[in-house]
Amino acid sequence: MKALTANRLADGEAVFWNQGQWVPRFKDAQLFEDAAVAETTEGEAKSQQTVVVDPYLIDVIQSEGLWAPLSFRERIRALGPSNHPQHGKQALGGDDIAALQHAHGAARSTGRVNLIKRK
Amino acid sequence: MYRYDNIDKAFVADRTAEFREQVERRLAGEITEDQFKPIRLLNGLYLQLHAYMLRIAIPYGTLNAAKLRKLAWIAKTYDQGYGHFTTRTNLQLHWIKLRDAPQILEHLAEVEMHSMQTSGNTIRNVTADPYAGATADELDDPRVWAEAIRQWSTLHPEFSFLPRKFKIAVTAAAKDRAATKIYDIGLAMRRGRNGELGFEVMVGGGLGRTPYLGSTIREFLPTRHLLSYLEAILRVYNRYGRRDNIWKARIKVLVASLGAEEFGRQVEAEWAKADHERTDLPDTELARIRAEFTPQFETLSPRSEALERAKAGDAAFARFLRHNVHPHKAPGYALVDVSLKTPGLTPGDITSEQMNVVADLAERFSLDELRVNYNQNLILPHVKLDDVPAVHAALAAAGLATPNMDLISDIIACPGLDYCALANARAIPIAQHIAERFADPVRAEQVGELKIKISGCINACGHHHVGHIGILGVDKKGEEFYQLTLGGSGEEDASLGQMLGPALPADKVTDAIEQMVEVYLRERKDGERFLDTFRRTGVTPFKEAVYADAH
Ligand code: SF4
């Protein structure tokens, strides 16, 4: 299962694809069972140059009956920094946030599909 | 404190207006992200995990109250009400919106600040000894030279597209508080035989994937030739640096592959060809810059009765004096450290409210001056001894008086995976956990000087290679793991740390630190710091302690 994520151009916020819209909460992200559909959608997202920066697919897993990004890095993007729990999306609280916080056992820092690191 | 002249002002204003237009064009879709990214990076604007990050240059780590208040206001208005000081003595704001960035640059320009060349393959913000102008052990105020380099290097057309980023640090003191040996160019002022001042020029230091300490290519360069000699170094690097391979593009790799001697020879040949007059600073300009760095000290008694009285009745204040207050060149004054290392909080983070407190203290008690050091703390450089009790009380009330400078809880940590798009693992929670374990000030004082430095990836922004204990976050089969190194130093006795053993999972790191501290306390001989004991005993006893029960 995959989701499609990016950072919004105007403010840099981590956002997720849902039916052509970009939403800030991971629980609202559209999930793709079919890899081919996911890739086509990624291509479509990449053409939205004035809306988002650098869209990419991520792997998702189940946590507490809800979905969570597989990678720890992506969970931090979906939550906010662990040193300032009052900042970022995690401040909103809710079951979906708790599920992301409790997700474990998965890869922690990689998991982004086709990740290339540049500095 | 250097004040912009009309040329500086017009230059920064032009640049800000240019960036405003570039942002508008990007938002309107007239330029692509690929075209825009290098432009925003040249203005210090990164895109990270949660938002844009703006890295604001603090040239040679010097601030005044007006600048810090402006930073506080920007952090409150455009960010989440806090900022993060880095090992490069810059300030990072981690929650910036692209559409606000031009406005922020305009506000910065009002207080003679900018974010140019805090990123990109350029000559980055120049750093200097944070004790500059306040310490008795310096030959000159290194900021005069650092400011000259700032003016010369900012948007220098020949050096705006170097093979890779380029960092210069300057000191004029025997004690190296500017980590000059881990810089692309480290400049350390020396006095020549005839009394003339010059620089020892070190080249090719740097951490990251292939760490090196700088090599001296010239023992003594008369100060007046500084800029022409830097130009010669940059030219050789610009010509031969490895543009084909990002991992080999830093000058350290060129210096290592040619050998320092051959590299130095090429620089000398380049320098011999150049018209020095054209590049070197005229005496009049040097005098203009120098005039901005001449604080007026009062004639005071070297002993303060008020301070002695306060010390006698207050153990916490006495401890603060031992660790956070340092001798000044002017009798009756002291340098006072502002600790951004409260155990349990994020190293280098400071709230807008705290910035305002420190700005007020600088204005009232420190000749309107402030410094940032690479340990991610602040310094009030010119405090009268009589005023130290009042400064301590105000800092303590704001949570900025932890008496832990250079102790085990004074930990350097980069932003790591909590913010940074390049990270492999988190750095901040590791620092928080260790500092909390050693939060007892009596215990920390017993352990004494121990510098822990943590990076969230091999880029080494947290200087882990030169920590007495270095901690590097690595990705091991998708889990956060931490590699420990021992025996590094970034000071005049610089050395690169030695690997302790296999990487440890996050929840074992603090225990390992504690085990190594126990070994040190057991093994240490009179007056030895952790580093000294390690250098005498080698890695074996530490390794045994940490890995003993792993089998
Ligand atoms: S060391 Fe790595 S993780 Fe830390 S700030 Fe630098 S690039 Fe980011």
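Since this is a predicted model, take the numbers as computed values, not measurements. (Residues numbered from 1 in each chain as written. Chains lettered and ligands numbered in written order. Predicted model: local features only at pLDDT ≥ 70, side-chain atom pairs only at ≥ 80, totals over all residues. Heavy atoms only, no water.)

## Thoughts on the overall build of chain B
Stage number 1. Broken down by element type, chain B carries 19 helices and 21 strands.
Stage number 2. Rg of the C-alpha trace for chain B: 23 Å, near the compact-globule value of 24 Å for 551 residues, within the 12% margin.
Stage number 3. Principal-axis analysis of the C-alpha atoms gives chain B an extent of 60 × 60 × 60 Å.
Stage number 4. Across the 551 residues in chain B, those meeting the buried criterion constitute 63%.
Stage number 5. Taken as a whole, chain B presents about 20300 Å² of accessible surface, with 52% of it coming from carbon and sulfur.
Stage number 6. Measuring between centres, the 68 positive side-chain charges of chain B sit 3 Å from its 74 negative side-chain charges. (Helix = DSSP H or I, 4+ residues; strand = E, 2+ residues; numbered from the N terminus. Rg over C-alpha atoms; globule rule 2.2 N^0.38 Å. Buried < 20%, exposed > 50% of the residue type's maximum accessible area, 1.4 Å probe, protein only. Areas by Shrake-Rupley, 256 points an atom, 1.4 Å probe, with all protein chains shown as cover. Lys, Arg positive; Asp, Glu negative; His and termini not counted. Charge placed at Lys NZ, Arg CZ, Asp CG, Glu CD.)

## Quick word on the overall build of chain A
Stage number 1. Along its length, chain A carries three helices and five strands.
Stage number 2. Walking chain A from its N terminus toward its C terminus, one meets helices and strands in the order β-β-β-α-β-β-α-α.
Stage number 3. Looking at chain A as a whole, 50% of its 119 residues are labelled buried.
Stage number 4. In chain A, of all internal contacts separated by at least 6 residues, the share reaching a separation of at least 24 is 59%.
Stage number 5. A total accessible area of about 5300 Å² is found for chain A, and carbon and sulfur atoms account for 49% of it. (Contact = heavy atoms within 4.5 Å.)

## Quick word on the pattern of salt bridges
Residues and elements named next belong to chain B.
Stage number 1. Within the structure shown, the criterion is met by 59 salt bridges over all chains.
Stage number 2. For Lys 341, the salt bridge goes to Asp 410, with nearest N and O atoms at 2.7 Å. Separated by 69 residues along the polypeptide, Lys 341 in the loop between strand 12 (333-338) and strand 13 (349-351) and Asp 410 in the loop between helix 14 (388-397) and strand 16 (412-413) bring together distant segments of the chain.
Stage number 3. Residue classification places Lys 341 among the buried residues on the basis of a relative accessible area of 2%.
Stage number 4. Among the salt bridges present, the one from Lys 451 reaches Glu 491, with a minimum N-O distance of 2.5 Å. Remark: Glu 491 occurs in the loop between strand 19 (479-486) and strand 20 (498-499) and Lys 451 occurs in the loop between helix 16 (441-447) and strand 17 (452-455); sequence separation between them is 40 residues.
Stage number 5. You can call Lys 451 buried: its relative accessible area is 9%.
Stage number 6. Taken together, the shared-partner salt bridges connect Lys 175, Asp 406, Lys 451, Glu 491 and Glu 492 into one network. (Salt bridge = Lys/Arg side-chain N within 4 Å of Asp/Glu carboxyl O.)

## Regarding the layout of surface pockets
Regions of empty space are outlined by a rolling probe, equal in size to a water molecule, passed over the atoms.
Stage number 1. The computed volume of the second largest pocket comes to approximately 420 Å³.
Stage number 2. Residues of the lining of the second largest pocket, tallied by class, amount to seven nonpolar, five polar and twelve charged. (1 Å grid on protein atoms, 1.4 Å probe; cavity = no way out; pocket = protein on both sides within 12 Å on 5 of 7 lines; lining within 4 Å. Points joined across faces, edges and corners; volume = space filled by probe spheres on them. Nonpolar A, V, L, I, M, F, W, Y, C, P; charged D, E, K, R; others polar.)

## Considerations on the confidence of the model for chain A
Stage number 1. Looking at chain A as a whole, the pLDDT averages 88, with 87% of positions reaching at least 70.
Stage number 2. Note on residues 106-119 of chain A: pLDDT under 50 across the span, and 49 contacts to partners over four residues away in sequence or across chains. (pLDDT = per-residue confidence, 0-100.)

## Considering the sheet that holds strand 8 (residues 185-191) of chain B
Residues and elements named next belong to chain B.
Stage number 1. With mixed pairing, the five strands of this open sheet are ordered in space as 6-7-8-9-10. Taken across any chain shown, the strands that pair with only one partner, and hence form the sheet edges, are strand 6 (127-128) and strand 10 (215-222).
Stage number 2. Inspection of the sheet shows strand 7 (residues 168-171) paired to strand 8 by four bridges, in the parallel sense. Residue pairing for strand 8: Ala 169 is matched across the bridge by Gly 186.
Stage number 3. Where helix 8 (residues 260-273) meets the sheet, its contacts fall on strand 9 (197-203) and strand 10, and the angle it forms with strand 10 comes to roughly 35°. (Pairing = 2+ DSSP bridges. Axes fitted to C-alpha atoms, helices over the stretch in contact; angles between N-to-C directions.)

## Looking at the sheet that holds strand 3 (residues 62-63) of chain B
Residue and element names in this part refer to chain B.
Stage number 1. The antiparallel open sheet is built from five strands, whose spatial order is 3-14-15-12-11. Each end of this open sheet is capped by a strand with a single partner; those strands are strand 3 and strand 11 (325-327).
Stage number 2. Its contacts with the sheet place helix 13 (residues 352-365) against strand 12, strand 14 (370-372) and strand 15 (378-384), and it is angled at close to 25° to strand 15.

## Side note on the domain arrangement of chain B
All names here are of chain B.
Stage number 1. Assigned domains within chain B: domain 1 (6-110), domain 2 (134-291), domain 3 (305-397) and domain 4 (412-550).
Stage number 2. Domain 1 and domain 3 are separated by 29 Å when their C-alpha centres are compared.
Stage number 3. The partner domain 3 presents 24 residues to the 20 residues of domain 1 that form the contact.
Stage number 4. Considering only the side of domain 1, the residues that lose the most area to domain 3 are Leu 68, Arg 69 and Phe 85, jointly responsible for 32% of the buried surface there.
Stage number 5. The tally of links from domain 1 across to domain 3 stands at three salt bridges.
Stage number 6. Note that Glu 353 and Lys 76 form a salt bridge whose closest N and O atoms lie 2.8 Å from each other.
Stage number 7. Taken together, domain 1 and domain 3 are joined by 15 residue pairs in polar contact (both at pLDDT 80 or more).
Stage number 8. Mapped by element, the contributors of at least two residues to the side of domain 1 that touches domain 3 are strand 3, helix 3 (65-78) and strand 4 (82-85).
Stage number 9. In terms of residue count, the dominant contributor to the side of domain 1 that touches domain 3 is helix 3 (seven residues). (Domains from an automatic or database assignment. Buried area = accessible area lost by both parts, 1.4 Å probe. Polar contact = N/O pair within 3.5 Å; in protein donor to acceptor, adjacent residues only side chain to side chain.)

## So, empty space enclosed by the protein
Residue and element names in this part refer to chain B.
Stage number 1. The full count for this structure, using the stated rule, is seven cavities of 30 Å³ or more.
Stage number 2. Here the largest cavity defines a volume of roughly 110 Å³.
Stage number 3. Considering the residues around the largest cavity, the lining is formed by Met 1, Tyr 2, Tyr 4, Ala 57, Pro 59, Tyr 60, Thr 62, Lys 67, Glu 112, Met 113, Glu 147 and Arg 150.
Stage number 4. Per-class residue counts for the lining of the largest cavity are seven nonpolar, one polar and four charged.
Stage number 5. Reported here for the second largest cavity is a volume of approximately 70 Å³.
Stage number 6. Its residues assigned to classes, the lining of the second largest cavity comprises four nonpolar, five polar and two charged.

## Re the site of the ligand
Stage number 1. Taken together, 13 residues lie around the ligand, and Cys414(B), Cys420(B), Ala423(B), Cys457(B) and Cys461(B) are the ones closest in.
Stage number 2. Among the residues forming the shell around the ligand, the class breakdown is eight nonpolar, four polar and one charged. (Near = heavy atom within 4 Å.)

## Remarks on the environment of Lys9(B)
All names here are of chain B.
Stage number 1. Examined against the element boundaries, Lys 9 turns out to sit in helix 1 (residues 6-27).
Stage number 2. A residue is classified by how much of its surface remains accessible, and Lys 9, at 43% relative accessible area, is partly exposed.
Stage number 3. Separated by 233 residues in sequence, Lys 9 and Arg 242 have C-alpha atoms that sit 36 Å apart.
Stage number 4. Apart from residues lying up to four places away in sequence, Lys 9 is in contact with Tyr 4 and Glu 112.

## Thoughts on the nonpolar core
Residue and element names in this part refer to chain B.
Stage number 1. The biggest cluster of nonpolar side chains holds 59 residues, and the ones touching the most others in it are Leu 68, Leu 71, Phe 85, Val 336, Val 358, Leu 380 and Leu 395.
Stage number 2. For this core, the element with the highest residue contribution is helix 3, accounting for seven residues.
Stage number 3. Viewed by domain, this core spans two of them, domain 1 (6-110) and domain 3 (305-397), each represented by three or more residues.
Stage number 4. The contact partners of Val 358, leaving out residues within four places of it in the chain, are Leu 68, Val 338, Ile 350, Leu 370, Leu 378, Leu 380 and Leu 400.
Stage number 5. Counting 47 residues, the second-largest nonpolar core is a separate cluster that includes Leu 162, Val 170, Leu 226 and Val 236. (Core = buried A, V, L, I, M, F, W, Y, C linked by side-chain atoms within 4.5 Å.)

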